[in-house]
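Architecture at a glance
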Amino acid sequence: MAKTALVTGGNRGIGQQLARELAEGGWDVLIGARTNANATATRLRKDTGGRLRGVELDVTSDDSVATCAQKLRDGAIRIDALVNNAGIYGKGDTALTMETNFFGPLRVTLAMKPLLRDDATITNVTSGLGALANLDEAHRRLLRDPALTREALVDHMHAFVRAGGRGWGTDAYGVSKAALNALTRILASELAPIRVNSTCPGWVRSDMGGRNAPRSLEEGSASVRFGVTATQTGKVFRDGEEIAF
Ligand code: NAP
């Protein structure tokens, strides 16, 4: 039986490339997008001959995420791979950046949890800008602490937003991805045997990365795709190699 993947932000950029490749590889692919979800699925179906379907999904909205999960439940869909790819860089204030890049993956993961198969994978798309080395020492220690709980991490992220994105030694994007990596580690132990990893696409020529980026969409997508079938859990990878975070 074909496996099913849900890719958030699957309507353009790295997410769309990944959706295309998974469909070509025989996966049933759900394009979770707040814009053009159905149109993208229709176009990729024509291009690939694969099985793709659009589902409306705004990762910053509790209602949108709950409605999406309900629709999938109504369709008796089970998910083998969730890819939390949707993200923004430099397009919003601290609150929107955190809502999209950190709280979004958490919100989607918790809503989709009942639909995930026991051997499912969750891939959180991270960035080198989220490396702990970019944070000040105190926050580096905080995120690295193996005793850090999900509740405490969430509280710290709310406090970061209230502080206007100041005080961690780097910008909201960097903090959102560093915190996402810590969340990956925490969810890996909470959700086992489901495997949860972060994967970094590198600097990629998408709308976000710009035309001067050194990597193609295909290279970025391949790096992210590693998480979809990873046997490891709780790690951060680029190009299939574990990287320090
Ligand atoms: P992109 O071309 O700007 O695409 C971003 C995607 O995220 C779009 O599909 C966008 O949908 C979606 N999105 C944003 N906010 C959303 C929301 N609230 N709900 C649902 N979807 C939302 O960026 P990309 O380069 O493909 O980036 C994909 C991921 O890779 C991101 O997590 C990014 O941080 C990470 N990354 C990228 C690079 C790079 O160099 N490009 C480097 C490191 C990490 P709309 O069309 O509706 O806006």
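Above this text you will find the structure in question.
These lines cover the structure that appears in this document, whether it is placed above or below. (Residues numbered from 1 in each chain as written. Predicted model: local features only at pLDDT ≥ 70, side-chain atom pairs only at ≥ 80, totals over all residues. Heavy atoms only, no water.)

**As for the packing of helix α4 (residues 94-112) against helix α6 (residues 150-162)**
In plain terms, the rule: All axes are obtained by fitting lines to C-alpha atoms, using only the stretch in contact for helices, and the reported angles, taken between N-to-C directions, cover 0 to 180 degrees. What counts as a helix is a DSSP run of H or I of at least four residues, what counts as a strand is a run of E of at least two, and both are numbered from the N terminus. Should an angle fall under 35 degrees it is taken as roughly parallel, and over 145 as roughly antiparallel, whereas 65 to 115 is taken as roughly perpendicular and any remaining angle as oblique. Less than a right angle of anticlockwise turn of the near helix away from the far helix marks a crossing as left-handed, whereas a clockwise turn marks it as right-handed. Note on contacts: a residue pair qualifies if any of its non-hydrogen atoms lie within 4.5 Å across the two residues. By the convention adopted, Pro, Cys, Tyr, Trp, Phe, Met, Ile, Leu, Val and Ala count as nonpolar, Lys, Arg, Asp and Glu as charged, and the other residues, Gly among them, as polar.
Interhelical geometry of α4 versus α6 gives an angle of 160° and a closest axis separation of 10 Å. When the axes of α4 and α6 are compared, the pair comes out roughly antiparallel. Of the two elements, α4 crosses α6, and the hand of that crossing is left-handed. Where α4 approaches α6, its residues T94, A95, M98, F102, F103, L106 and L110 are matched on the opposing element by R150, L153, V154, M157, H158, F160 and V161. Tallied by class, residues from the contact of α4 with α6 come to 11 nonpolar, 2 polar and 1 charged.

**Notes on the site of the ligand**
The line we're drawing: We call a residue near a molecule or strand as soon as one heavy atom of that residue lies within 4 Å of the molecule or strand. Nitrogen and oxygen atoms within 3.5 Å of one another constitute a polar contact, given that in protein one can donate a hydrogen and the other can accept it, and given that sequence-neighbouring residues count only through two side-chain atoms. Surface accessibility follows the Shrake-Rupley procedure with a 1.4 Å probe radius. Residue values consider only the protein chains on display as shielding.
In the vicinity of the ligand, 29 residues are found, and the nearest of them are N11, R12, T35, Y173 and S206. Contact distances for the ligand include 2.8 Å between an oxygen atom and a side-chain N or O atom of R34. Note that an oxygen atom of the ligand is positioned 2.4 Å from one of the side-chain N or O atoms of T35. When the ligand sits alone it has 890 Å² of accessible area, and the protein chains cover 95% of it.

**Quick notes on the layout of surface pockets**
To find leftover empty space, a probe the size of one water molecule is rolled over the atoms. Spelled out, the test is: Put simply, the grid is 1 Å and covers the protein atoms alone, a cavity is a trapped set of points that fit a 1.4 Å probe, a pocket is an open set with protein on both sides within 12 Å along at least five of seven lines, and lining residues have an atom within 4 Å of a point. Grid points are joined across faces, edges and corners, and a volume is the space filled by probe spheres set on the points.
Counted as a void, the largest pocket has a volume near 920 Å³. The wall of the largest pocket is formed by 38 residues, among which N85, G87, I88, Y89 and M208 lie closest to the centre. For the lining of the largest pocket, the leading source of residues is helix α1 (residues 13-24), giving 3 residues. Partitioning the lining of the largest pocket into residue classes produces 16 nonpolar, 16 polar and 6 charged. Estimates place the volume of the second largest pocket at around 190 Å³. For the second largest pocket, the lining is made up of 14 residues, of which T4, D28, L30, I77 and R78 are closest to its centre. Taken together, the elements giving at least two residues each to the lining of the second largest pocket come down to β2 (28-33) and β3 (51-56). Partitioning the lining of the second largest pocket into residue classes produces 7 nonpolar, 1 polar and 6 charged.

**Brief notes about the packing of aromatic side chains**
Using the following cut-off: Side-chain rings of Phe, Tyr and Trp (the six-membered ring for Trp) are treated as a pair once their centres are within 6.5 Å; stacked means planes under 30 degrees apart, edge-to-face means over 60, and tilted covers the remaining angles.
Scanning all chains against the criterion turns up 4 aromatic pairs. Ring centres of F102 and F103 lie 4.9 Å apart, and the angle between their planes is 80°; on these two criteria the pair is classed as edge-to-face.

**Remarks on the side chain of T8**
As for its placement among the helices and strands, T8 is situated in strand β1 (residues 4-8). Within polar-contact distance, the side chain of T8 engages the backbone nitrogen of N85 at 2.9 Å. When sequence neighbours within four positions are dropped, the list of residues in contact with T8 reads G32, L57, V59, V83, N84, N85, A86 and V108.

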